[in-house]
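One-letter residues, chain by chain:
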Amino acid sequence: MVRLKSYVLDAWREGDAPFRTLVNPATEQPVAETSTRGLDFAAVHRHAREVGGPALRSLSFAERGALLKAMSRALYAQRERLIEVAIANGGNTRGDAKFDIDGATGTLSYYASLGKQLGDAKWLVDGEAEQLTRSSARFYGLHLRVPRRGAAVHINAFNFPAWGTFEKAAVALLAGVPVITKPATSTAWLTYEMVKILVDEAVLPAGALQLLVGSTGDLLDHVDGQDIVAFTGSADTGAALRGGAGPVSASTAINVEADSLNASVLGPDVDPGSDLWSWFVNGVVREMTQKSGQKCTAIRRVFAPEARLDALRDALAEELDRLVIGDPADPEVRMGPLTTASQLRDYREGVALLSSEGRIVYGSTDPVDAKGVPAGTGYFAGPVILRCDAPREARHVHGHEVFGPVVTLMPYDGTAEDAAALVAKGGGMLATSLATNDRSLLGALALELAPYNGRLLLVDKKVADQATPHGMVLPNLVHGGPGRAGGGEELGGLRGLEHYTQRVALQGNRGLLEKLFVP
Ligand code: NAP
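Residues numbered from 1 in each chain as written. Predicted model: local features only at pLDDT ≥ 70, side-chain atom pairs only at ≥ 80, totals over all residues. Heavy atoms only, no water.

Counted according to the given criterion, the structure contains six aromatic pairs. Judged by centre distance (5.7 Å) and plane angle (90°), the ring pair of phenylalanine 158 and phenylalanine 403 falls under edge-to-face. Of this pair, phenylalanine 158 sits in the loop between β8 (152-155) and α5 (163-175) while phenylalanine 403 sits in the loop between α11 (396-399) and β17 (406-412), and the two are 245 residues apart along the sequence. Classification of phenylalanine 158 by relative accessible area gives buried; the value is 14%. Following the ring pairs from residue to residue traces out a cluster consisting of Tyr7, Trp12 and Tyr192. The side chain of arginine 3 reaches across the aromatic face of phenylalanine 19, ending 3.9 Å from its centre. Of note, arginine 64 hangs over the ring of phenylalanine 61, and the distance from its end group to the ring centre comes to 4.9 Å. (Phe/Tyr/Trp six-rings, centres within 6.5 Å; stacked < 30°, edge-to-face > 60°. Helix = DSSP H or I, 4+ residues; strand = E, 2+ residues; numbered from the N terminus. Buried < 20%, exposed > 50% of the residue type's maximum accessible area, 1.4 Å probe, protein only. Lys NZ or Arg CZ within 6 Å of the ring centre and 35° of its normal.)

The next thing to look at is the pattern of salt bridges. If you walk through the whole model with that rule in mind, you get 26 salt bridges. A salt bridge links arginine 359 to aspartate 389; its shortest N-O distance comes to 3.0 Å. Taken together, the residues arginine 359 in strand β15 (residues 359-362) and aspartate 389 in the loop between β16 (384-387) and α11 connect sequence positions 30 residues apart. On the accessibility criterion, aspartate 389 (38% relative accessible area) is partly exposed. (Salt bridge = Lys/Arg side-chain N within 4 Å of Asp/Glu carboxyl O.)

If you check the shell around the ligand, you find 26 residues, and the closest are Asn156, Thr185, Ser234, Thr237 and His479. Side-chain polar atom of aspartate 259 to an oxygen atom of the ligand: 3.4 Å apart, as the coordinates give it. Glutamate 401 places a polar side-chain atom, nitrogen or oxygen, 2.7 Å from an oxygen atom of the ligand. Within the complex, 80% of the 920 Å² of free accessible area of the ligand lies under protein. Listed by contribution, the elements that provide at least two residues to the shell around the ligand are β11 (228-232) and α7 (235-241). When grouped by side-chain class, the residues that make up the shell around the ligand number eleven nonpolar, ten polar and five charged. Both of domain 1 (2-258 + 489-517) and domain 2 (262-473) provide at least three residues apiece to the shell around the ligand. (Near = heavy atom within 4 Å. Polar contact = N/O pair within 3.5 Å; in protein donor to acceptor, adjacent residues only side chain to side chain. Areas by Shrake-Rupley, 256 points an atom, 1.4 Å probe, with all protein chains shown as cover. Nonpolar A, V, L, I, M, F, W, Y, C, P; charged D, E, K, R; others polar. Domains from an automatic or database assignment.)

Strands pair in a sheet through their backbones, by hydrogen bonds, and they do so in one of two ways: parallel or antiparallel. Spatially, three strands are ordered β6-β7-β22 in an open sheet, and the strand pairing comes out antiparallel. Strands at the two margins of the open sheet, each flanked by one partner only, are β6 (124-131) and β22 (501-509). Within the sheet, the average angular offset between the axes of one strand and its neighbour, ignoring direction, is 15°. The strands touched by helix α14 (residues 510-517) within the sheet are β6, β7 (139-147) and β22, with β22 carrying the most contacts at an inclination of about 140°. (Pairing = 2+ DSSP bridges. Axes fitted to C-alpha atoms, helices over the stretch in contact; angles between N-to-C directions. Contact = heavy atoms within 4.5 Å.)

Here seven strands make up an open sheet; going across it, the order is β15-β16-β17-β14-β13-β18-β19 and the pairing mixed. Two strands lie at the open edges of the sheet, namely β15 and β19 (453-459), each paired on one side alone. If you compare each strand with its neighbour and ignore which way they point, the axes differ by 25° on average.

Quick look at the domain arrangement of the protein chain now. As far as domains go, the protein chain holds domain 1 (2-258 + 489-517) and domain 2 (262-473). Using only C-alpha atoms to locate each centre, domain 1 and domain 2 end up separated by 31 Å. Between domain 1 and domain 2, the residue contacts involve 23 residues of the former and 29 residues of the latter. For the pair domain 1 and domain 2, the summed buried area comes to about 2000 Å², and 64% of that belongs to carbon and sulfur atoms. By the criterion of area lost to domain 2, the three top residues of domain 1 are Ala26, Phe99 and Phe158, representing 28% of everything that side buries. Taking the shortest distance from any N to any O, the salt bridge between lysine 291 and aspartate 100 comes out at 4.0 Å. Applying the counting rule to domain 1 against domain 2 returns six residue pairs in polar contact (both at pLDDT 80 or more). Residue classes in the side of domain 1 that touches domain 2 are distributed as ten nonpolar, nine polar and four charged. (Buried area = accessible area lost by both parts, 1.4 Å probe.)

Here is the structure:
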């Protein structure tokens, strides 16, 4: 069993007992243990601000981009070894592991190229300089975005120990802000190995990246208005951390990416057997089974005209019947276990809750006969399709996220108004997808749904064979969602830098402003 350490103050440090045990969720065997007890969190925070921050701010965007490129290359070079760790600790199939790890290296690489484009500058000029008074052609205003002087404290969810860590780190580091990152403890082994690679290869300046493997201790008591806290996880923890009543001080910027009842809507024009139908069916199956449905962006609710629901259920069932569930170390296995025993418990309780508003039309939460493991071992969850025929009255199907291979099918009347009203009952989503060749439906629905979503995937037959999957987050598009989804926003190319920079308005002599501040 590996004893994981935290990387703080430019050294690997072990916490004191008691240790938390990380397991292989397919075999329930312990794989690692960790603790952060006894670490000096105030010193970790100071180190980021006093050592990491100045080092990063002394670099240009191009130089920071070069660091990101070096990180991406170093991690990619050890991809195979990292995949093994993700299989052993995350319950990931090889495909799941690649999705996570390649997402991390791809996002680092994307932000590296943005750094290169921004060149020698160390801050961003925001818009054009503007004349401020009619009488003076010299007195001008100019906006800049400068790196904050604090630390970026990143708290991540268990389902993406690679991508979650590095999609956040890429943006903060490019902005010039040092990172203290904390993966979810249950799957932290992969993040630990990735940071170890970067430390061994001395890719980053001192203090730029610190890793806590375990609890954040009293770290959040030390953050102030120059720090940024970015949290990804459940809505409950996000609410508990938020400023005001939570431990994060009200003056600290906090970005919350929480869970979401994402939806997918099938247009009435989409006939069974058509290409668009196949895209829709395959998409729902992928979202149910990739990472065993443990994706914040996965489709939880499917809306289709009533006349299509039986055919849709049958098409999904046909695909799911072929699914091989078992030890993800077995190359024939297509879906691994849930990550922890408590996730399995939550899945069972969640399906029972949703069943109170509908009925199961495929699968069950009974123990799974998993390939490659002794009967009764592992946190395996079978795929479940529910059908809810009264979605307007229902509450739980729109509000309770079952973090597993579970979807609920629901009817709508085929109009944009009805679909929009039903999707919006989710209270704010990370992503909704629409499949239709009816342009007026697509246009009307997209505009109605835009205020409730961070991202809309609009697919007609012309892009069905090229569209990225519903659940795939791209670094050039924003990721996040309003309301229930946490109200946060990440990525989106240069937009992501906004969280880590302060916009300041400068007023003064135009010539001087341009000479001093416009590269
Ligand atoms: P979680 O239980 O809320 O934990 C998330 C993170 O918060 C973990 O690192 C956890 O650490 C930490 N944490 C918990 N309590 C804390 C506290 N009081 N102070 C500081 N840190 C604390 O969520 P999870 O079970 O890991 O993740 C699953 C959820 O995340 C799902 O609901 C999913 O939808 C959501 N998610 C959202 C996104 C998105 O981008 N919107 C992405 C992925 C997942 P420990 O592990 O050490 O307890």
